[in-house]
Amino acid sequence: MIWKRHIDVGSLNSMNNNSIVEHLGIEFIQIGDDFIEATMPVDQRTKQPFGILHGGASVVLAETLGSFAGYLCSEGEQKVVGVEINANHLKSVREGTVKGICKPIHLGRSHQVWQIDIYNEQQQLCCTSRLTTAVLS
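Parameters and conventions
- Residues numbered from 1 in each chain as written.
- Predicted model: local features only at pLDDT ≥ 70, side-chain atom pairs only at ≥ 80, totals over all residues.
- Heavy atoms only, no water.
- Helix = DSSP H or I, 4+ residues; strand = E, 2+ residues; numbered from the N terminus.
- Buried < 20%, exposed > 50% of the residue type's maximum accessible area, 1.4 Å probe, protein only.
- Polar contact = N/O pair within 3.5 Å; in protein donor to acceptor, adjacent residues only side chain to side chain.
- Contact = heavy atoms within 4.5 Å.
- Salt bridge = Lys/Arg side-chain N within 4 Å of Asp/Glu carboxyl O.
- UniProt positions renumbered as here; feature names shortened; annotations may be inferred.
- Pairing = 2+ DSSP bridges.
- Axes fitted to C-alpha atoms, helices over the stretch in contact; angles between N-to-C directions.

**Considerations on unusual backbone geometry**
As a rule of thumb, non-glycine residues mostly have phi less than zero, and peptide bonds are mostly trans rather than cis.
Okay, step 1: We note that Asn18 has phi near 60°; this positive angle belongs to a residue other than glycine.
Okay, step 2: Inspection of the secondary structure assignment puts Asn18 in the loop between helix H1 (9–14) and helix H2 (20–23).
Okay, step 3: A relative accessible area of 75% means that Asn18 is categorised as exposed.
Okay, step 4: For Gln123, which is not glycine, the phi dihedral falls at a positive 65°.
Okay, step 5: Within the secondary structure, Gln123 sits in the loop between strand E5 (111–119) and strand E6 (125–136).

See the structure below:
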């Protein structure tokens, strides 16, 4: 297991009250030994004017997953902040729910790199993203 902090999915979700995470309907659903998963609805909050999932909403889901994963890999008073994110939008989504899965690429003392893949309900890859975080003591 890569996690240094022990927290359950319910506690992760309760940390998001009154935030963009809550506003967009992002919910953590699973924490595994080396991954974390969350879902986000494709609805009026997350669609762009042409009726498809907004790329920015996908990036919010990706950064949320990577930032929380980074936090779970930190200790004590350490903070984790995003310093760079990229996203490749591969397939449009018009309705339903998307699921993001976050896994580590690199877990260093001063920075981390996370891979976040976002899938539609048919398990098709819609977006792939990479987040680099800094670990602040």
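**Focus on the side chain of Ser129**
Okay, step 1: Note that Ser129 resides in strand E6.
Okay, step 2: Here the side chain of Ser129 touches Asn86 through a polar contact of 2.6 Å, landing on its backbone oxygen.
Okay, step 3: Filtering out sequence-adjacent residues up to four positions away, Ser129 remains in contact with Ala62, Ile85, Asn86, Ala87, Trp114, Gln115 and Ile116.

**A word on the pattern of salt bridges**
A side chain with one charge can pair with a side chain of the opposite charge if their charged atoms come near.
Okay, step 1: Overall, the coordinates contain 2 salt bridges when judged by the stated rule.
Okay, step 2: Glu75 is paired through a salt bridge with Lys4; the nearest N and O atoms lie 3.8 Å apart. Here Glu75, found in the loop between helix H3 (55–72) and strand E3 (79–89), pairs with Lys4, found in the segment before H1; they are 71 residues apart in sequence, far enough to count as distant.
Okay, step 3: For Glu75, a relative accessible area of 48% translates into the label partly exposed.

**Digging into the UniProt feature "domain: Thioesterase" (unreviewed entry) in the protein**
Okay, step 1: The feature "domain: Thioesterase" (unreviewed entry), as annotated in UniProt, sits at residues 50–127 in this numbering.
Okay, step 2: Strand forms 45% of residues 50–127 and helix 23%; the C-alpha atoms that close the span are 18 Å apart.

**A look at the pairing of strand E2 (residues 36–42)**
Okay, step 1: Taking burial as the measure, the 7 residues of E2 include 7 buried ones, the bulk of the element.
Okay, step 2: Because side chains alternate across E2, one face comprises the buried residues Ile36, Ala38, Met40 and Val42, and the other comprises Glu37, Thr39 and Pro41, equally buried.
Okay, step 3: Hairpin geometry of strand E1 (residues 27–31) and E2 is characterised by an intervening segment of 4 residues between the two adjacent antiparallel strands.

**A look at the sheet that holds E2**
Okay, step 1: On the basis of which strands lie adjacent, the open sheet formed by 6 strands has the order E1-E2-E4-E5-E6-E3 and antiparallel pairing. Single-partner strands in this sheet number two, and they are E1 and E3. Here the strands of the sheet are splayed against their neighbours by 25° on average, with no regard to which way each runs.
Okay, step 2: As defined by bridge partners, E3 adjoins E6 across 10 bridges and the pair is classed as antiparallel. Bridging across to E6, Glu84 finds its partner in Thr132.
Okay, step 3: Running over the sheet, H3 touches E1, E2, E3, strand E4 (96–107), E5 and E6 and is turned about 145° from E3.

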